[in-house]
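# Secondary and tertiary structure notes
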Amino acid sequence: MNLTSPTKDDYMGLYSIMFWTLTLIGVVKYVGIALNADDHGEGGTFAMYSLLCRHADIGILPSKKVYSEEEPLLHNQSAVDRRPSRLGKFFERSITARRVLLFMAILGMCMLIGDGILTPAISVLSAIDGLREPFPSVSKPVVEALSAAILIGLFLLQKYGTSKVSFLFSPIMAAWTFTTPIIGVYSIARYYPGIIKAISPHYIVRFFLRNKKEGWRMLGGTVLCITGAEAMFADLGHFSKKGIQIAFLSSIYPSLVLTYAGQTAYLINNVNDFSDGFYKFVPRPVYWPMFVIATLAAIVASQSLISATFSVIKQSVVLDCFPRVKVVHTSEHTEGEVYSPETNYILMVLCVGVVLGFGAGNSIGNAFGVVVIMVMLITTIMLTLVMIIIWRTPPALVALYFIPFFIMEGAYVSAVFTKIPEGGWLPFAVSMILALIMFGWYYGRQRKSEYEMANKVTVERLGELLARPEVQRVPGLCFFYSNVQDGLTPVLAHYIKNMSSLHAATVFVTLRYLLVAKVDERERILVRRLGPGGVYACTVQYGYADSLRGDNLAAQVTSRLRRHAEAEEDARVEAAWKAGVVHVRGKVRFYVGEDAGWFDKVMLGFYEFLHGICRSALPALGTPLQQRVEIGMLYKV
């Protein structure tokens, strides 16, 4: 089959494919099953990976167990059920399997970011293309230029946040959700009421028997009907599971089914008028209102994916899975409302590039299909692992889920992969680059954490170092930043041995991010005195709306120290403050020796490159430039 000579039966088969794709993937897989595989309310492939790591020792490093033995498992599992399943034991034994699993989870998240590049481009371009119906003189380049201008304006407004205009989003999407199915019902009644018969799956069988290989290739286009399902799962952290289920089943699903049915009914009555299908079936009296609604809905959909991309990047940075970029919270009331300047402008360049480079043909749709179905197949595989390892679902039910969805989505993947030379290569390449960056960063940070925990300095060891006759206490107040919990960073021993000194008052600061807007002032800074005189430990707890300015932070910590110190200690801290403040950050760098394995040579070398070009933690704190000191040490792998 090709779209130069479609028939009524072809359209019936295509609609049947879309109906059952929406029903099986949208309703059964995501609404019925996937939404239950959340990790403390968070959804998406990385949330499922985190869930698996908390219930089995399958993290990328054997020593990095990230769950608590006392933590209750899903479905009230008993102590017997906590024993790893056969599949769980396989992952625990195989470092290659664990690396593949991590890379798969990261790739799924990166495919969602690729969605954030393509959704604004294809949504705005499709909406503005409606100008060409009443004004045939409007050319494709003009549509592309207008779409690019709208996208540039949208990205330039991101730094102001969405709170000022977010009250418009719900009415716009409600108008879109309720007007399009009404037009769909009108189109069904006017053009071909018999379209309802296409719900029968036998039309799918007839479609493939008739069109064979060409029918399989057409799957690359029909997959676009289910776009947004994965984003619905990934946005679970912003909405309740029940709310998503009610909204999808009561409005979104019936709206899509009726809208696609109306479009297909029009096409059956006008078999060769298949270009720009949406605006063709809109009645003339409501054309311009629908054009306005479609354009506004495209902008809202674009805004949603852009915001979701910012949130994914921010969560990745917080979880130490992505190199540090600047993240600004544009709302004191909503954690998810964030803005990243670097991410924003890279997205803008890529979106505008997609519009100008691919907007003239079907390439942009081909590119969109690749990221949509790839992330869905990854979700299917990871959800199967959740069923087996965590839920302990009976094998028959696991097979009943995995086999049909793997076959169906595998068929879609095989079809869209034929589109890679025709534009599908772009999001695939972007996603693979992002996945390699995240995997390399995560692996390097985990190896660094493993080394720091194995070589951390105890309070007793610190006392021994300071007792050495050559070690002097120099005037001043030092804030020594560390990620090590229950101990001190090994950089400290390196620093004391080489400098033979430590400041008269030294505070080891650990920053702890909490998922709240603001931390109560009484709980924000926790200080305690360590063994040696003038040495303190400090934990700074902060929320997403708290300001972390280095000079202000130093003043707050010093005030808290003096408030609880005895007279002698108070005098020491005050004298140190007056002598000057310095902020020290330790850097553990990898030295990859000749005896290291090839995997470590490649991945840790890549990590060192990323570490060299990303933002430093001290500028993120806003510490004055003249007060910053960075101490480096090499760790031989």
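Residues numbered from 1 in each chain as written. Predicted model: local features only at pLDDT ≥ 70, side-chain atom pairs only at ≥ 80, totals over all residues. Heavy atoms only, no water.

The name given to the protein in an unreviewed UniProt entry is Potassium transporter, with the source organism recorded as Panicum miliaceum. As stated in UniProt under Function (unreviewed entry), the record for the protein gives "Potassium transporter." Turning to the protein, the UniProt annotation filed under Subcellular location (unreviewed entry) states: "Membrane". (UniProt positions renumbered as here; feature names shortened; annotations may be inferred.)

## Side note on the overall build of the protein
Each helix and strand counted, the protein has 23 helices and eight strands in total. Nonlocal contacts in the protein, meaning residues at least 24 apart in sequence, comprise 81% of its contacts between residues at least 6 apart. Carbon and sulfur atoms form 63% of the exposed surface of the protein, whose accessible area is close to 28200 Å². (Helix = DSSP H or I, 4+ residues; strand = E, 2+ residues; numbered from the N terminus. Contact = heavy atoms within 4.5 Å. Areas by Shrake-Rupley, 256 points an atom, 1.4 Å probe, with all protein chains shown as cover.)

## Focus: the sheet that holds strand β5 (residues 525-529)
Overall, mixed pairing links the six strands, which are arranged β5-β6-β4-β3-β7-β8 in an open sheet. At either margin of the open sheet sits one strand with a lone partner, and together these are β5 and β8 (628-636). Taken over all neighbouring pairs, the strand axes of this sheet differ in orientation by 25° on average, direction set aside. In the sheet, strand β3 (residues 472-481) pairs with strand β7 (residues 581-591) via five bridges, with the strands oriented parallel. (Pairing = 2+ DSSP bridges. Axes fitted to C-alpha atoms, helices over the stretch in contact; angles between N-to-C directions.)

## Brief notes about the packing of helix α4 (residues 95-128) against helix α5 (residues 140-156)
Pairs of packed helices are described in terms of their axes, by the angle between the two and the distance that separates them. Close contact between α4 and α5 brings their axes to 9 Å; oriented N to C, the two are set at 130°. Classified by the interaxial angle, the pair formed by α4 and α5 is oblique. Pair α4 / α5 crosses with right-handed handedness. Contacts between α4 and α5 involve Pro120, Ala121, Val124, Leu125 and Ile128 from the former and Val143, Glu144, Leu146, Ser147, Ile150 and Leu151 from the latter. A breakdown of the residues in the contact of α4 with α5 according to their chemical character gives nine nonpolar, one polar and one charged. (Parallel < 35°, antiparallel > 145°, perpendicular 65-115°, else oblique. Left-handed = near helix turned anticlockwise from the far one by under 90°. Nonpolar A, V, L, I, M, F, W, Y, C, P; charged D, E, K, R; others polar.)

## Overview of the pairing of strand β6 (residues 535-542)
Burial within β6 is extensive, with eight of its eight residues counted as buried. A two-sided burial pattern is seen for β6, the buried positions comprising Val535, Ala537, Thr539 and Gln541 on one face and Tyr536, Cys538, Val540 and Tyr542 on the other. Of the strand pairs in this sheet, strand β4 (residues 501-513) and β6 are connected by eight bridges, and their pairing is parallel. The residue bridging Tyr513 from the neighbouring strand is Tyr542, located in β6. Here five bridges tie β5 to β6, and the two strands are oriented antiparallel to one another. (Buried < 20%, exposed > 50% of the residue type's maximum accessible area, 1.4 Å probe, protein only.)

## Here we look at a nonpolar patch on the surface
A cluster of nonpolar side chains, contributed by Ile152, Leu156 and Tyr345, occupies part of the molecular surface with about 240 Å² of accessible area. Inspection of the secondary structure puts Leu156 in helix α5. In this structure Leu156 comes out as partly exposed when scored by relative accessible area, which is 42%. (Patch = residues over 30% accessible without salt bridge, like charges linked within 9 Å, V, L, I, M, F, W, Y side chains within 5 Å. Salt bridge = Lys/Arg side-chain N within 4 Å of Asp/Glu carboxyl O.)

## With respect to empty space enclosed by the protein
Enumeration over the complete set of coordinates arrives at four cavities of 30 Å³ or more. Forming the boundary of the largest cavity are Met111, Leu112, Asp115, Thr227, Gly228, Ala229, Glu230, Ala231, Val371, Val372, Val375 and Met376. Secondary-structure elements contributing two or more residues to the lining of the largest cavity are α4, α9 (229-234) and α14 (363-391). Here the lining of the largest cavity gets four residues from one element, more than from any other, and that element is α14. Among the residues making up the lining of the largest cavity, the classes are represented as eight nonpolar, two polar and two charged. (1 Å grid on protein atoms, 1.4 Å probe; cavity = no way out; pocket = protein on both sides within 12 Å on 5 of 7 lines; lining within 4 Å. Points joined across faces, edges and corners; volume = space filled by probe spheres on them.)

## Re α5
Over its 17 residues, α5 runs 24 Å from end to end, which matches the ideal 24 Å to within 8%, given 1.5 Å per residue. When α5 is considered as a whole, its buried residues turn out to be Val143, Glu144, Ser147, Ala148, Leu151, Leu154 and Phe155. Down the axis, α5 shows its buried residues gathered within 130° of arc, on one side only. (Expected span 1.5 Å × (residues − 1). Arc of directions from axis to C-beta.)

## Structural notes on helix α22 (residues 598-613)
The first and last C-alpha atoms of α22 sit 23 Å apart over 16 residues, in line with the 22 Å expected at 1.5 Å per residue. All of the buried residues along α22 are Phe599, Asp600, Met603, Leu604, Tyr607, Glu608, Leu610 and His611. Seen end-on, α22 carries its buried residues on one side only, within an arc spanning 165°. With respect to the buried face of α22, the exposed residues turned more than 90 degrees away are Trp598, Phe609, Gly612 and Ile613. Lining the buried residues of α22 we find α4, α16 (425-454) and β7.

## Description of the layout of surface pockets
What the second largest pocket holds in volume is close to 500 Å³. If you trace the second largest pocket, you find 22 residues lining it, with Phe322, Thr343, Ile346, Leu434 and Ile437 closest to the centre. Here the lining of the second largest pocket is built from residues that sort into 17 nonpolar, two polar and three charged. Counting only domains with at least three residues in the lining of the second largest pocket, you end up with domain 1 (8-68 + 83-443) and domain 2 (456-636). (Domains from an automatic or database assignment.)

## Here we look at the pattern of salt bridges
Per the counting criterion, the structure on display carries 16 salt bridges. For Arg585, the salt bridge is made with Glu630, and the minimal N-O distance between the two is 3.4 Å. Here Arg585 is found in strand β7, whereas its partner Glu630 is found in strand β8, with 45 residues between them in sequence. If you follow the salt bridges from partner to partner, you end up with Arg562, Asp570, Glu574 and Lys578 in one network.

## Comments concerning the pairing of β7
Of all eleven residues in β7, nine are buried; the element is thus mostly enclosed. Here β7 runs beside β8; their pairing, made up of nine bridges, is parallel. From the neighbouring strand, His583 faces β8, where its bridge partner is Arg628.

## Some points on the packing of aromatic side chains
For the coordinates displayed, the defined rule picks out 19 aromatic pairs. Aromatic pair Phe207 and Phe208: ring centres 5.3 Å apart, planes at 75°, arrangement edge-to-face. Classification of Phe207 by relative accessible area gives buried; the value is 0%. Using a relative accessible area of 27% as the deciding quantity, one classes Phe208 as partly exposed. Three or more aromatic residues joined by ring pairs make a cluster, and in this case those are Phe103, Phe439, Tyr443, Trp598 and Phe599. Seen from the ring of Phe599, Arg99 lies directly overhead, with NZ or CZ sitting 3.7 Å from the centre. (Phe/Tyr/Trp six-rings, centres within 6.5 Å; stacked < 30°, edge-to-face > 60°. Lys NZ or Arg CZ within 6 Å of the ring centre and 35° of its normal.)

## Details of the environment of Val398
Counting through the fold element by element, Val398 comes out in helix α15 (residues 395-417). Spatially, the C-alpha atoms of Val398 and Thr384 are 6.8 Å apart, while their sequence positions differ by 14 residues. Once you skip the residues sitting within four places of it in the chain, Val398 turns out to touch Thr384, Met387, Ile388 and Thr393.

## Here's the deal with the confidence of the model for the protein
Averaged over every residue, the pLDDT of the protein is 81; the share at 70 or more is 87%. Averaged pLDDT values for the elements of the protein fall to 62 in helix α23 (residues 617-621) and rise to 93 in helix α1 (residues 8-33). Note on residues 61-81: pLDDT is under 50 here. Beyond four places in sequence and across chains, it has 31 contacts. (pLDDT = per-residue confidence, 0-100.)

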